Amino acid sequence: MSGSRQKIRIAVVGGGIGGMALGVSLSSLSLDKVFQVDIYESTAKLTQVGAGITIWPRGWEILKNMGLEASLTERFSPDQEVPMMSVPKVGFIYRKSDQKEGVPISVVTMPGGSISYHRADLQEVLLKHISPSIQFHLSHRLTTYRQTEKGLELEFTNGEVAVCDMLIGADGINSAVRRTFLADGKNWAENEKNKSGKPVFSGTYVYRNLIDSQLIRRDAPNHQALTLPIVYCGKSKHIVAYPVSQGKLVNVLLFVSDIRQEGTYLDGPAVVENTKDDFASHFKNWEEEAHILVKRTSKPSKWAIQTLKPLDVFASGRVFLIGDAAHAMPPHLGNGAGQAIEAECDRANDAYFLSMILAKVIRQGEFSISKIADVYSAIRQPFGNFTVAATIRQGLLYEFNAPGYEDIKDGDVVPEERLNTLGKLIANGWDWTFQSMNADLQRAFSMLYGEKDLITAKL
Amino acid sequence: MTFILARSWQKTARSSSSLVVNLSRGLHTARSSTVSPSTTNSVNNDEIAHFSKLSSEWWDEKGEFSFLHKMNPVRMQFIREKLLEIAQEENPELESGDMLAGLDVLDVGCGGGLLSESLARMGAKTLGIDASGSNIAIASLHAAADPKLSPSSTSPNLSYLHAPAETLLSQPKRYDVVCSMEVLEHVDNPAAFLSTCAELLKPGGHLFLSTISRTPLAYALTIFLAEDVLRQVSSGTHTYSKYIKPSELVQFFRDYPQQNTNDSISDSSTPLSLARPWISTHAGSNYLPRLEAELRGLIYNPLRARWHLAPRDAWGALECNYIFWVRKPMN
């Protein structure tokens, strides 16, 4: 065959961790030679929201598979090392703190512990590993897309138009791609388009701030949060604290919930900087150790935690949703958000998985985008939605609102046996979200190519 | 959504203590049963009642048991492939043939007879047993509708018995092949159950088991999705803490038969045990000698609503449904 092969055009909407991870993944598989990849980002500059990002062993595996290990280990601080599954380390300490004298609930160990990076560092590493043939287009905010005979036509607020063969929505919880994706094929009015797939409020606000460790040390030189991640639990509230930046700072998150508001649509803005809320009043009768952290919290930013109602389908036709665009969840298991603790690099998981599928399909020669979409959705959707449910459940456990614990009221003394069971459930909760990427890939490959002719039974 | 979650998590909460124990538990300790105090009885009355209620649905290919119907061809495929492989090992000239013809086969936990009928049609002299009387009734009824399978035919290849496996131990008959498909995850005492199945085999006999592994993925697919969200199967069909990992199954047969140090044999010249372990590799090894044992993933393709037997040694294939074969040593 003569003539130049037209590259298949992939448009990625969203230049956050998910979009960048996809760029890295495609580059590491040399797929940028087959695909013309364009990443569209709504902001004028690539920045990261939030301070730290925590990577657990399974997340590390994915980043390693994407070829990032060397660059990441380069940026280790002296005390850091590669998280290894074989070495159990303390993951989190849990305490019941809504009483004068706090009570331990459990200590959850995690195989391999975790590594924290400053987000800007991670972004730098990702960008370094994206092939130069992959184009970034900043200040491009997607309004909508439509199917034409040339392919998918993308419309941006700056008036520009682009055409692609395959569209990947990596644009987070307020995804514009998802909005159109859900409305696609149905004649819904514009405001209905906005409602369906709109993020729902979880009922929980989180107040976030970084506290100088010196301040905490003054009150309590041996405060646990200076060295270990710790969760202080109470009725409809909890506090998460963990050291960052080589122990120079403590990241403190105060969660306050009103379960009646769960499932509603948020009225005001999702984020308020320097809130004037009287957050301290929620923790009045809490134990001293927790009090110290609340006391030192000043002008925190206030975030409403939102989630997505589970979608039936994560991809169809030419359109794929990855990361928060498909399955936004609260941060209670350290994954998801763009908010508090980000562990596991969940969005990297989706990106990696999709790239591996594309690589396999390209090698086999027969390329059907809609078939890939069906496989991607069939594999990722069940576990993605399950993880959201499991994470929501985890938050309920932390706040004594889970089934079996609703009777517990603020400040109640709870018998040790009940707390032990709670501790075990919390520990188990962490297991749920450890998803086997190998199993997913195996299932995907067998769905694409494993259709051996079954031996028909002789009758 | 919260309600659905509440139900499934309540089940988990109830069995949470066994969930934690599971992490370090081998198959040798009996699980606590809420019903029968008899430790040799692997039957859980709650489980039996659950499946008896669904008896009439067995042969509705689109109903409650559609998954099992769809799984049947793949199980049969594996059974025939493995029997052929072993037969060819002993007789290299052998061409593919009726591997099951004339063999004595026991189907433990036969349910409505899905597998038993397939085995009988392939020429095996098949006995299907089940602890639920209503299952046996349905199975017998369905078989009676086919003149080739009916017990009144000239040479009945298929018969059914309402009995738990343990009751067959006291009888002399032993089998060339014992199958137990999607049963292990429902019994209370898996170690006792496996021992019973093992003992019912002739030396050199074949044991085929299919079950579900104990992983978050399996939970997500078989319980969370299938039961709670999509309602494809009745709630309570599966209990996560009863799922068995492939490695646990393999370890059981590494240790089986138990080296019995309480034997009256005190003579040091006598071999420690007259029977060798069924699987000869040591505990750290992932390798299974293909003439001793094999594990294969069973992968469901929701797009085609079909099951697929994963290739040998396919990584990541054993995280949900899988099938296991092991051979009883000769002598």
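What counts, and where the lines are drawn
- Residues numbered from 1 in each chain as written.
- Chains lettered and ligands numbered in written order.
- Predicted model: local features only at pLDDT ≥ 70, side-chain atom pairs only at ≥ 80, totals over all residues.
- Heavy atoms only, no water.
- UniProt positions renumbered as here; feature names shortened; annotations may be inferred.
- Helix = DSSP H or I, 4+ residues; strand = E, 2+ residues; numbered from the N terminus.
- Contact = heavy atoms within 4.5 Å.
- Pairing = 2+ DSSP bridges.
- Axes fitted to C-alpha atoms, helices over the stretch in contact; angles between N-to-C directions.
- Buried < 20%, exposed > 50% of the residue type's maximum accessible area, 1.4 Å probe, protein only.
- Polar contact = N/O pair within 3.5 Å; in protein donor to acceptor, adjacent residues only side chain to side chain.
- Parallel < 35°, antiparallel > 145°, perpendicular 65-115°, else oblique.
- Left-handed = near helix turned anticlockwise from the far one by under 90°.
- Nonpolar A, V, L, I, M, F, W, Y, C, P; charged D, E, K, R; others polar.
- Salt bridge = Lys/Arg side-chain N within 4 Å of Asp/Glu carboxyl O.
- Right-handed = clockwise from strand over helix to strand, strands pointing away.
- Phe/Tyr/Trp six-rings, centres within 6.5 Å; stacked < 30°, edge-to-face > 60°.
- Lys NZ or Arg CZ within 6 Å of the ring centre and 35° of its normal.

Labelled according to an unreviewed UniProt entry, chain B appears under the name Ubiquinone biosynthesis O-methyltransferase, mitochondrial, originating from Psilocybe cyanescens. One UniProt comment on chain B, placed under Pathway (unreviewed entry), says "Cofactor biosynthesis; ubiquinone biosynthesis." For the record of chain B, the UniProt heading Cofactor (unreviewed entry) holds the text "Mg(2+)".

Where an unreviewed UniProt entry is consulted, chain A appears under the name FAD-binding domain-containing protein, with the organism given as Psilocybe cyanescens.

All right, on to the overall build of chain B then. In terms of regular secondary structure, chain B is built from nine helices and eight strands. When contacts within chain B are restricted to residue pairs at least 6 apart in sequence, those whose partners lie at least 24 apart make up 71%.

We now examine the sheet that holds strand β8 (residues 142–148) of chain A. Residues and elements named next belong to chain A. Taken together, three strands build an open sheet; the order of strands is β8-β9-β10 and the sheet is antiparallel. Strands at the two margins of the open sheet, each flanked by one partner only, are β8 and β10 (161–164). Direction aside, the axes of adjacent strands within the sheet are offset by 25 degrees on average. Note: strand β9 (residues 151–156) against β10, four bridges, orientation antiparallel. When the bridges of β10 are listed, E155 appears paired with V161.

A word on the UniProt feature "binding site: S-adenosyl-L-methionine" (unreviewed entry) in chain B. Residues and elements named next belong to chain B. The UniProt record annotates "binding site: S-adenosyl-L-methionine" (unreviewed entry) at R75, G109, D130 and M181. Considering the arrangement of structural elements, one finds R75 in helix α4 (residues 66–90). Overall, the relative accessible area of 4% leaves R75 in the buried class. Counting through the fold element by element, M181 comes out in strand β4 (residues 175–181).

Let's shift gears to the sheet that holds strand β2 (residues 35–40) of chain A. Pairing between the strands of a sheet is mediated by backbone hydrogen bonds and can be parallel or antiparallel. Residue and element names in this part refer to chain A. Reading across from one edge, β7-β2-β1-β11-β19-β18 is the order of the six strands in this open sheet, with mixed pairing throughout. Among the strands making up the open sheet, the edge pair consists of β7 (135–137) and β18 (315–316). Summarising the sheet, β2 and β7 pair through three bridges and their orientation is parallel. Pairing of I39 across the sheet is with F136, part of β7.

With that settled, the discussion passes to the UniProt feature "binding site: Mg(2+)" (unreviewed entry) in chain B. All names here are of chain B. According to UniProt, the positions carrying the feature "binding site: Mg(2+)" (unreviewed entry) are E182, E185 and H186. Secondary-structure assignment places E182 in the loop between β4 and α7 (190–199). Contact partners of E182, with chain neighbours within four places excluded, come to L68, M71, R75, S210, T211, I212 and N321. A polar side-chain atom of E182 sits 2.7 Å from a polar atom in the side chain of S210. Topologically, H186 is positioned in the loop between β4 and α7. What H186 contacts, discounting residues up to four positions off in sequence, is N44, E47, F51, T237, H238 and K242.

With that out of the way, let us pick up the packing of helix α1 (residues 17–28) of chain A against helix α4 (residues 119–128) of chain A. Residue and element names in this part refer to chain A. For the pair α1 and α4, interaxial distance at closest approach is 9 Å and the crossing angle is 30 degrees. Between α1 and α4, the interaxial angle falls into the category roughly parallel. Here α1 runs over α4; the crossing is left-handed. In this structure, α1 uses I17, M20 and V24 to contact α4, whose residues at the interface are R119, L122, Q123, L126 and L127. Within the contact of α1 with α4, the residues separate by chemical class into six nonpolar, one polar and one charged.

Now for the pattern of salt bridges. This model, assessed by the stated rule, comprises 33 salt bridges over all chains. Ionic pairing is found between D440 of chain A and R443 of chain A, a salt bridge with its closest N-O pair at 3.0 Å. Here the residue D440 of chain A and the residue R443 of chain A both occupy positions in helix α13 (residues 437–449), the gap between them amounting to three residues, near one helical turn. With relative accessibility at 0%, the residue D440 of chain A sits in the buried group. The exposure class assigned to R443 of chain A is buried, which follows from its relative accessible area of 11%. Linked by salt bridges that have partners in common, K82, E85, E89, R290, E294, R296 and R312 of chain B make up one network.

All names here are of chain A. Of all nine residues making up strand β15 (residues 249–257), eight are buried, and the element is well covered by its neighbours. Direction of pairing for strand β12 (residues 200–212) relative to β15: antiparallel, over a ladder of nine bridges. Bridge assignment links T204 to a residue of β15, and that residue is S257. Alignment of strand β14 (residues 237–244) against β15, held across eight bridges, turns out to be antiparallel. Within the sheet, the bridge partner assigned to K237 lies in β15 and is V256. In sequence, β14 turns back onto β15 through a hairpin of four residues, with S245 there showing a positive phi of about 55 degrees.

Let us look at helix α3 (residues 45–53) of chain B. Within α3 of chain B the residues assigned to the buried category are E47, H50, F51 and S52 of chain B. The distance from a side-chain oxygen at the start of α3 of chain B to the backbone nitrogen of D46 of chain B is 2.8 Å, and the residue carrying that oxygen is N44 of chain B.

Each regular strand displays side chains that alternate between the two surfaces of the sheet. Among the six residues of β2 of chain A, five are classified as buried, and the element is accordingly described as predominantly covered. Viewed along the sheet, the connection from strand β1 (residues 8–13) of chain A through α1 of chain A into β2 of chain A turns out right-handed.

Applying the stated criterion to the full structure yields 25 aromatic pairs over all chains. Centre to centre, the rings of W58 of chain B and F65 of chain B are 3.9 Å apart; their planes meet at 0 degrees, and the pair counts as stacked. Overall, F65 of chain B belongs to the buried group, its relative accessible area being 4%. Three or more aromatic residues link up through ring pairs in this structure, and these residues are F383 and F386 of chain A together with Y219, F224, Y240 and Y243 of chain B. Stacked on the ring of F445 of chain A, the Lys or Arg K360 of chain A has its end atom at 4.6 Å from the ring centre.

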